[in-house]
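So the chains spell out like this:
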Amino acid sequence: MIHYNPKDWFTFIFHIHKGDTFRKLWPLMISMAIFSAFVAFLELNIFKLSKSDYVSNIGMMHSLLGFVISMLLVFRTNTSYDRWWEGRRLLGSLTNVSRNFAMKIKALKLPNDEVRFFEYGIPKYAFALKEHLREKKYFGKNSFLIEVEESKHIPNQIASSMISRLYDLTRQGLITQEQLIVLTSDVNQFTDICGGCERIKNTPIPFSYSVFIKKFIFVYVLTIPIGWVFSLGYYLVLIVPFILYVLASLELIAEEIEDPFGYDPNDLPVDKISNNIEKHIEEILS
């Protein structure tokens, strides 16, 4: 995730950072500029068309459809941002649940070996969930404390190991039934958070909707030079790529943030959150 000062306008305007959509769109923008120049040359110099020709009325289509494409892009961006924000809330809940669970373990005054088990298990769940959402496997250091099988759901195995440990402590008389209920409630929240993150990860925007918007933008921009050449002339070479940049950038931003757990510049700081959980749990239980 990119950290920035939202008040630093000068840097935003004149600096192209690694997450800027311009880096991805500039080849297409250059192609569209060449296409616009070619269309303008044909209509003005070869076919010698004028405003009286019917082709000039194509611009009416853009006026009528401009509102439609604006509404589609707003809905697309808002839907993706809702997914991004829900992911951030879930990761925030993971941080809070991890801290609360560690504080309760600390208050129980358990034997040192038991405390070390949870000091390892709680952050291991965060790291395992992070890698699981990125379709990778995480086994962790000191993996002998909680053994997992690669072929199975690793976050579930870690949560199951912690619950099993709590039941063992109950049978040993180290925690009461009432304390067990409270502690298992915290571990259950781990799996609830995992389920919420998996729902975001595994439910993308419907394919037909995403494809339709891309085709709509492409046709919309591709037909702009045909009708606007009589009003703008060769200024189309500058204006059409800019319109493409604005519309396509909204779609690219929506694509990037709809799955917020990856490595894109605008994705959530999942690595930092996991490292903070490990740091805080160590501080609480040490």
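Located above this text is the structure these notes cover.
About the thresholds
Residues numbered from 1 in each chain as written. Predicted model: local features only at pLDDT ≥ 70, side-chain atom pairs only at ≥ 80, totals over all residues. Heavy atoms only, no water. Axes fitted to C-alpha atoms, helices over the stretch in contact; angles between N-to-C directions. Helix = DSSP H or I, 4+ residues; strand = E, 2+ residues; numbered from the N terminus. Parallel < 35°, antiparallel > 145°, perpendicular 65-115°, else oblique. Left-handed = near helix turned anticlockwise from the far one by under 90°. Contact = heavy atoms within 4.5 Å. Nonpolar A, V, L, I, M, F, W, Y, C, P; charged D, E, K, R; others polar. Salt bridge = Lys/Arg side-chain N within 4 Å of Asp/Glu carboxyl O. Buried < 20%, exposed > 50% of the residue type's maximum accessible area, 1.4 Å probe, protein only. Disulfide = S-S within 2.5 Å. Core = buried A, V, L, I, M, F, W, Y, C linked by side-chain atoms within 4.5 Å. Phe/Tyr/Trp six-rings, centres within 6.5 Å; stacked < 30°, edge-to-face > 60°.

Draft legend 1. Summary view of the packing of helix α4 (residues 112-133) against helix α6 (residues 177-202). Between α4 and α6, the least distance of the axes is 11 Å, while the angle of their chain directions is 15°. Between α4 and α6, the interaxial angle falls into the category roughly parallel. Seen from above, α4 lies across α6 with right-handed handedness. The residues of α6 that touch α4, namely those facing Ile122, Tyr125, Leu129, His132 and Leu133, are Phe190, Thr191, Ile193, Cys194, Cys197, Glu198 and Lys201. Residues belonging to the contact of α4 with α6 are distributed by class as follows: eight nonpolar, two polar and two charged.

Draft legend 2. Seen up close, the pattern of salt bridges. Evaluation of the coordinates by the stated rule reveals 16 salt bridges. Among the salt bridges present, the one from Arg165 reaches Glu114, with a minimum N-O distance of 2.7 Å. Of the two residues, Arg165 is situated in helix α5 (residues 154-171) and Glu114 in helix α4; the sequence distance between them amounts to 51 residues. The exposure class assigned to Arg165 is partly exposed, which follows from its relative accessible area of 24%. When its relative accessible area of 12% is taken as the criterion, Glu114 is described as buried.

Draft legend 3. Inspection of the state of the cysteines at higher detail. Taken as a whole and judged by the stated rule, the model has zero disulfides. Cysteine Cys194 is unpaired, with the sulfur of Cys197 as its nearest cysteine sulfur at 6.9 Å.

Draft legend 4. Inspection of the environment of Leu174 at higher detail. Along the polypeptide, Leu174 turns up in the loop between α5 and α6. You can call Leu174 partly exposed: its relative accessible area is 35%. Separated by 143 residues in sequence, Leu174 and Ser31 place their C-alpha atoms 71 Å apart. Leu174 has contacts with Leu110, Pro111, Leu169 and Gln179, leaving out every residue within four places of it along the chain.

Draft legend 5. Looking closely at the nonpolar core. If you look at the biggest cluster of nonpolar residues, it comprises 46 residues, and the most contacted ones within it are Phe101, Ile105, Phe118, Tyr125, Met162, Leu166 and Phe190. The element contributing the most residues to this core is α4, with ten residues. The residues touching Phe118, leaving out its near neighbours within four places in the chain, are Phe101, Ile105, Pro123, Met162, Arg165, Leu166, Leu169, Ile281 and Leu285. Of all hydrophobic cores here, the second largest spans 22 residues; its members include Ile69, Val221, Leu236 and Leu244.

Draft legend 6. Main features of the packing of aromatic side chains. What the rule picks out here adds up to eleven aromatic pairs. Look at Phe22 and Tyr245: their rings are 6.1 Å apart centre to centre, the planes differ by 70°, and that puts the pair in the edge-to-face class. Residue Phe22 is found in helix α2 (residues 22-46), and its partner Tyr245 is found in helix α9 (residues 236-257); the two are separated by 223 residues along the sequence. Classification of Phe22 by relative accessible area gives partly exposed; the value is 31%. Exposure remark for Tyr245: the relative accessible area of 22% places this residue in the partly exposed category. Centroid distance Phe75 to Tyr209: 5.9 Å. Interplanar angle 80°. Geometry classified as edge-to-face.

Draft legend 7. Representation of unusual backbone geometry within the structure. You will see that Lys109, though not glycine, has its phi angle at about 55°, which is positive. Following the sequence through the fold, Lys109 ends up in the loop between α3 (59-107) and α4.

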